[in-house]
Amino acid sequence: MTRILEGVRVLELTNAFNGPLAGRILGELGAEVIKIEPPWGSARDFLPIVSGESFNFIMINCNKKFITLNLKTEAGKELFKKLVKVSDVVLENFSAGTMERLGLGYDDLKKLKPDIIYVSSSGFGHRGKYVNLPAYDYIAEAMSGLYSLTGEKDLPMKYGVAIIDVLSGVFAALATVAALYNKMRTGKGERADMAMYDNATYAMMENVAGVLIEGKDSKFNQRLGNKHPVIAPYALYRASDNFVFIATGKDEQFARLCKVMNREDLIKDPRFSSMEARVRNMEELDQIIQSWVEKYPAKTVVKLLLEADVAAAEVRSLFDALNDSNVEERKLLVELVHPILGNVKVLNSVLKFENADTSVYRPGMPLGYDNEYVYSNILGLSKEEIERLRQENVI
């Protein structure tokens, strides 16, 4: 099968998570992604470390080629410009102004290649009063208000994963694909300015709607722990051995839940007979459900509810979830060969098409692994020239 972005070349100057993830997604879609790192490496020290290699880096940077290039040298800048002339996309996630100070910003590069697509995915974007602030996932969560919505009433909590990094990587990849499509239609390049801060705000779309209409006192502006502001029951309950999440989004689903609990009297009880009433009396309703759930093991609760077509799930550890046979059936993991670690399992692509290949075929490779190929086959440099550049700390 063919790959959707086959023939597209991306120059990736990113580190940490959101930028590399965007590059990985483009690589899954078939683009030739060339990851450019300084000769001393970049973000290769994230745990876990195995035989000197960051497995975090290996996982996030699949389906790419890897070269080293010192952009602080004039020779390095010239080599980068030569690569730009034969590429379609520049993807970077530096702080605002970094590429411009190097003379490699969008305005500089479009003079070399007018149809270049230039995608930035930074913490706070390239416009606005926060552009110069340092940013990490949880900083974006805190600044955007997302952090304030997660946790218990008296204690905000971060997400268990760097969810805004993930969203930012996905949105940056989406922006790239959209710009490539527009280029196909118009022949014009594009500049995309993506920000983690924006993405965190966008992720709160339901809450933003509530706060814009209801103001500061809106339930959508409050931490509700494991409960939902306008749906009930929609919460976490403690079974005899584990936790279970139960979700009922409609009256008929609530009625089925009541039947499973042998509490059909609750269906027409005015305290619970409508969604609005259930939300208003959420605490009382949750206590009733909890008193039923705690009598049984989690798997029993889930089995009874699923048989009645009520959405429910046991809270599983990541280890248990990865050992579910469904992971194999969905091909979520793939085994690849790394030149130092040997056989390794990494996450496969979640983009699944009927007529296009998106599989992960290459793990993140060691620093400068593809220097010879890129500088020789793409830029046409001789072995002697490549060695001289290495000796001069340009690559």
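Residues numbered from 1 in each chain as written. Predicted model: local features only at pLDDT ≥ 70, side-chain atom pairs only at ≥ 80, totals over all residues. Heavy atoms only, no water.

Draft legend 1. Fine view of the overall build of the chain. Along the chain, the regular secondary structure elements total 17 helices and 15 strands. Referenced to the eigenvectors of the C-alpha coordinate spread, the extents of the chain come out at roughly 85 × 45 × 40 Å. Evaluated residue by residue, the chain yields a buried proportion of 46% over its 395 residues. For the chain, long-range pairs separated by at least 24 residues make up 68% of all intrachain contacts whose partners lie at least 6 apart in sequence. In the chain, which carries 49 positive and 53 negative side-chain charges, the distance between the mean positions of the two groups comes to 2 Å. (Helix = DSSP H or I, 4+ residues; strand = E, 2+ residues; numbered from the N terminus. Buried < 20%, exposed > 50% of the residue type's maximum accessible area, 1.4 Å probe, protein only. Contact = heavy atoms within 4.5 Å. Lys, Arg positive; Asp, Glu negative; His and termini not counted. Charge placed at Lys NZ, Arg CZ, Asp CG, Glu CD.)

Draft legend 2. Seen up close, the sheet that holds strand β6 (residues 89-92). With respect to topology, six strands assemble into an open sheet ordered β5-β2-β1-β6-β7-β10, the strand pairing being parallel. This sheet does not close on itself; its edge strands, each paired only once, are β5 (65-68) and β10 (190-195). Neighbour-to-neighbour, the strand axes of this sheet turn through a mean angle of 20 degrees, independent of strand direction. Relative to β6, strand β1 (residues 9-13) runs parallel, the two sharing four bridges. (Pairing = 2+ DSSP bridges. Axes fitted to C-alpha atoms, helices over the stretch in contact; angles between N-to-C directions.)

Draft legend 3. Expanded view of the side chain of Lys113. Looking at the element boundaries, Lys113 is found in the loop between α5 (106-112) and β7 (117-122). Accessibility expressed as a relative area gives 13% for Lys113, which makes it buried. At 3.2 Å, the side chain of Lys113 and the backbone oxygen of Ser87 are in polar contact. Here Lys113 is in contact with Val84, Lys85, Ser87 and Lys183, once residues within four sequence places are set aside. (Polar contact = N/O pair within 3.5 Å; in protein donor to acceptor, adjacent residues only side chain to side chain.)

Draft legend 4. Representation of the environment of Cys258. If you trace the backbone, Cys258 turns up in helix α10 (residues 251-260). Take Cys258: its relative accessible area is 0%, and that puts it in the buried class. Taking C-alpha positions, Cys258 is 28 Å from Lys153, a pair spaced 105 residues apart along the chain. Discounting chain neighbours no more than four positions away, the residues touching Cys258 are Arg263, Glu264, Leu266 and Ile267.

Draft legend 5. Structural detail: the pattern of salt bridges. Counted by the stated rule, this structure contains 27 salt bridges. Across the pair Lys227 and Asp286 runs a salt bridge whose closest N-O atoms are separated by 2.7 Å. Pair noted here: Lys227 is in the loop between α9 (205-214) and β11 (234-238) and Asp286 is in helix α12 (residues 282-293), with a separation of 59 residues, a long-range link. Exposure remark for Lys227: the relative accessible area of 28% places this residue in the partly exposed category. With relative accessibility at 8%, the residue Asp286 sits in the buried group. (Salt bridge = Lys/Arg side-chain N within 4 Å of Asp/Glu carboxyl O.)

Draft legend 6. Representation of the sheet that holds strand β12 (residues 243-247). Taken in spatial order, the three strands make up an open sheet running β11-β12-β13, and their pairing is antiparallel. The open sheet is flanked by β11 and β13 (311-314), the only strands paired with a single partner. On average, each strand axis in the sheet is tilted by 20 degrees relative to the strand beside it, whichever way the strands run.

Draft legend 7. Examining the nonpolar core more closely. Ranked by size, the top nonpolar core spans 27 residues in total, and within it Ile36, Leu69, Leu79, Phe80, Val90 and Tyr375 carry the most contacts. Of all the elements in the fold, those that place two or more residues in this core are β1, β2 (32-37), α3 (74-85), α5, α16 (371-378) and α17 (383-391). Broken down by element, the residue count for this core peaks at four residues, all from α3. Look past the residues within four positions of Tyr375 in its chain and what remains in contact with it is Ile67, Thr68, Leu69, Leu79, Gly380, Leu381, Ile386 and Ile395. Core analysis: the next-biggest nonpolar cluster, separate from the first, contains 23 residues, Leu257, Ile288, Ile289 and Val293 among them. (Core = buried A, V, L, I, M, F, W, Y, C linked by side-chain atoms within 4.5 Å.)

Draft legend 8. Highlighting unusual backbone geometry. Looking along the chain, the bond that leaves Leu47 and enters Pro48 is cis, with omega of 0 degrees. By the secondary structure assignment, Pro48 is in the loop between β2 and β3 (49-50). Cis rather than trans, the peptide bond between Ala232 and Pro233 has omega equal to -5 degrees. Following the sequence through the fold, Pro233 ends up in the loop between α9 and β11. One non-glycine residue, Ser51, adopts positive backbone phi at about 50 degrees.

Draft legend 9. Geometry of the side chain of Asn199. In this fold, Asn199 is placed in helix α8 (residues 196-203). The buried category is assigned to Asn199, whose relative accessible area is 6%. For Asn199, the contacting residues outside a window of four places in its chain are Leu167, Ser168 and Phe171.

Draft legend 10. The arrangement of helix α1 (residues 18-28) in detail. Extensive coverage of α1 is indicated by the burial of 11 of its 11 residues. Taken residue by residue, α1 has Asn18, Gly19, Pro20, Leu21, Ala22, Gly23, Arg24, Ile25, Leu26, Gly27 and Glu28 as its buried positions. Following α1 by one or two positions, Gly30 adopts a phi angle in the positive range, close to 110 degrees.

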